[in-house]
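Listed here are the chains, written in short residue letters.
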Amino acid sequence: MSEKPKTYFNWSSGKDSALALHYLLEQGHYEIDRLLTTVNAHYNRVSMHGLPRNVLEAQAASVGIPLDILEVPEKPSMEQYNELMRTTVTQLRSEGYTHTGFGDIFLEDLKQYREEMLNPYGLTTLFPLWKKDTKQLMEEFLGLGFRAVIICINNSKLDASFLGQELSQELLNKFPSDVDPCGENGEYHTFCFDGPIFKAPIPFNIGEKVFKTYDNPSDPENAIQFGFCDTHLK
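Let me begin by describing the structure that accompanies this report. (Residues numbered from 1 in each chain as written. Predicted model: local features only at pLDDT ≥ 70, side-chain atom pairs only at ≥ 80, totals over all residues. Heavy atoms only, no water.)

Mapped onto the fold, His232 is located in strand β10 (residues 224–233). Residues His232 and Val55, spaced 177 residues apart in sequence, show a C-alpha to C-alpha distance of 7.0 Å. Discounting chain neighbours no more than four positions away, the residues touching His232 are Pro203, Phe204, Asn205 and Gly207. (Helix = DSSP H or I, 4+ residues; strand = E, 2+ residues; numbered from the N terminus. Contact = heavy atoms within 4.5 Å.)

As C-alpha cells, this is what we get:
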C-alpha cells in the first residue's frame, strides 16, 4: 500500500493543467490516480474551454489516469455549482483522497475560493505553478515538448486569427502587450494534445469557429464575446 498521499488532480484539459500535473508527477511525492474535470452537461463540453467530452476522454486515456467528470447544467448558479462540488468532494474524501492539485498561477481570489471550499473537508490543496513567471512557464512548457492549440479566446483581448493556432514562441510573440503569456486573466484557453505526460499524441482535426456573447457580472453594460474553435477526433 502506497504511503504517498492519495491525490486527485483538477484537470482543465489545457496547458496549465498539463504542466502542473507534470510537475507533481515529477516530484513523486503524491499518488495521483484520479483526474476531475467539470463538463457542461447541456453542451457535453469542458466548462470554459469548450472541448468535446470524447476528446477529453481520449486525452485522459493517453495520460493514463482515470477520469471523473463533474456534470453541471447549462448555466449553473454559484449555489448549484458549490453544491455539486460539495457532493463530489464528499465522495472523494470517502475514497481516501487527502490532497488535490490545481494549475492556477496568480489569481489570488480563485486560490482563496478553492482553499475555503476544500479545507473544511480536510483536503490539502497543491498549486505547483503558483507565483511562477508566466513567460518562463510558457518557455518551459514548449521546451519540455508539450503541444497545445488555442481553442477559446476572449475577443476583447485576442482576435479570431489566433483560434486553432498551435502555441509556439513565434505565436506568443504576436500577443498584444496586455495579454498574459499563459492567458491567466482569461484571455485564452487551450487544448493540450501532446507532451511528456502523454503516452501518445491525441489525433484531432480543427473544426468550425463559433462566437458567443455572455453577460459580464463585473460590467453589466458591456457583454463579453468569446470565440471557440471546435476539435474533433480523427
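Here we come to the nonpolar core. In terms of nonpolar packing, the biggest core is built from 49 residues, with Trp11, Leu21, Ile150, Phe175, Tyr188 and Phe191 touching the most fellow members. Of all elements in the fold, only α1 (15–27), β2 (31–40), α2 (53–63), α5 (134–143), β7 (147–154), α6 (169–172) and β8 (188–194) reach the threshold of two or more residues within this core. Among all residues touching Trp11, those that are not within four sequence positions of it are Ser17, Ala18, Leu21, Leu35, Leu36, Thr37, Leu56, Gln59, Ile197 and Phe198. The next biggest cluster of nonpolar side chains, apart from the first, holds 15 residues, and it includes Val89, Leu92, Tyr97 and Met117. (Core = buried A, V, L, I, M, F, W, Y, C linked by side-chain atoms within 4.5 Å. Buried < 20%, exposed > 50% of the residue type's maximum accessible area, 1.4 Å probe, protein only.)

Along α2, the residues classified as buried are Val55, Leu56, Gln59, Ala60, Ser62 and Val63. Angularly, the buried residues of α2 cover 160° about the axis, an arc narrow enough to put them on a single face. If you follow the buried residues of α2, they end up packed against α1, β2, β3 (45–46), β4 (67–72), β8 and β10. Of the residues one or two after α2, Gly64 is the one with positive phi, at around 85°. (Arc of directions from axis to C-beta.)

Here we take up the pattern of salt bridges. Scanning the model with the defined rule gives 14 salt bridges in all. Ionic pairing is found between Lys135 and Glu139, a salt bridge with its closest N-O pair at 3.0 Å. With a gap of 4 residues between them, Lys135 and Glu139 both fall in helix α5, about one helical turn apart. We note a salt bridge from Asp178 to Lys157, for which the minimum N-O separation is 3.6 Å. (Salt bridge = Lys/Arg side-chain N within 4 Å of Asp/Glu carboxyl O.)

This part covers the packing of aromatic side chains. Scanning the model with the defined rule gives 10 aromatic pairs in all. An angle of 70° between the planes, with centres 5.3 Å apart, marks the rings of Phe175 and Tyr188 as edge-to-face. Taken together, the residues Phe175 in the loop between α6 and β8 and Tyr188 in strand β8 connect sequence positions 13 residues apart. Using a relative accessible area of 10% as the deciding quantity, one classes Phe175 as buried. (Phe/Tyr/Trp six-rings, centres within 6.5 Å; stacked < 30°, edge-to-face > 60°.)

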